[in-house]
Amino acid sequence: MIKFSLIDSSYQKEECFELINQLIEVKIDFLTKKIASNIERGLDTVHFEARQALLMEQRGQLYDMIFETEDGMVKVTGDLEVEPLEL
């Protein structure tokens with residue numbers, strides 16, 4: 001397993017939302033491609049569609065939370081863990 005810190009800093013509210021929104025957009029685009037690929041191959045897309053919808057919902061919640069705060073700064077941390085699966 002490898003674990004690394006992708007984000008560990010404080011940002012202005014606008015920068016914070018821009019950064020996280022870009023990460024979410026990349027993931028949504030990836031899921032869109034997976035959905036299209038699965039549809040072409042006649043495979044199930046329910047998991048990918050649910051994941052995509054959740055990310056869109058959470059992006060809205062993130063926006064509300066960030067811009068409802070009085071403080072201009074937001075602390076962001078994001079760790080990733082990557083581990084091979086043994087089948």
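Residues numbered from 1 in each chain as written. Predicted model: local features only at pLDDT ≥ 70, side-chain atom pairs only at ≥ 80, totals over all residues. Heavy atoms only, no water.

Draft legend 1. Expanded view of the environment of L54. Mapped onto the fold, L54 is located in helix 2 (residues 46-68). For L54, a relative accessible area of 36% translates into the label partly exposed. Residues L54 and E81, 27 residues apart in the sequence, show an inter-C-alpha distance of 21 Å. (Helix = DSSP H or I, 4+ residues; strand = E, 2+ residues; numbered from the N terminus. Buried < 20%, exposed > 50% of the residue type's maximum accessible area, 1.4 Å probe, protein only.)

Draft legend 2. Geometry of the packing of aromatic side chains. Taken as a whole and assessed by the stated rule, the structure comprises three aromatic pairs. Relative to Y63, the ring of F17 lies with its centre 5.1 Å away and its plane at 80 degrees, an arrangement referred to as edge-to-face. You can see F17 sitting in helix 1 (residues 13-40) and its partner Y63 sitting in helix 2, a full 46 residues away along the chain. Take F17: its relative accessible area is 16%, and that puts it in the buried class. Centre to centre, the rings of F17 and F67 are 6.2 Å apart; their planes meet at 65 degrees, and the pair counts as edge-to-face. Residue F17 is found in helix 1, and its partner F67 is found in helix 2; the two are separated by 50 residues along the sequence. Among the aromatic residues, those joined into a ring-pair cluster are F17, Y63 and F67. (Phe/Tyr/Trp six-rings, centres within 6.5 Å; stacked < 30°, edge-to-face > 60°.)

Draft legend 3. Main features of the nonpolar core. Ranked by size, the top nonpolar core spans 15 residues in total, and within it C16, I20, I66 and V76 carry the most contacts. Listed by contribution, the elements that provide at least two residues to this core are strand 1 (2-12), helix 1, helix 2 and strand 2 (73-82). Considering each element in turn, this core owes the most residues, seven residues, to helix 1. The residues contacting V76, other than those within four sequence positions of it, are I7, D8, S9, Y11, C16 and I20. (Core = buried A, V, L, I, M, F, W, Y, C linked by side-chain atoms within 4.5 Å. Contact = heavy atoms within 4.5 Å.)

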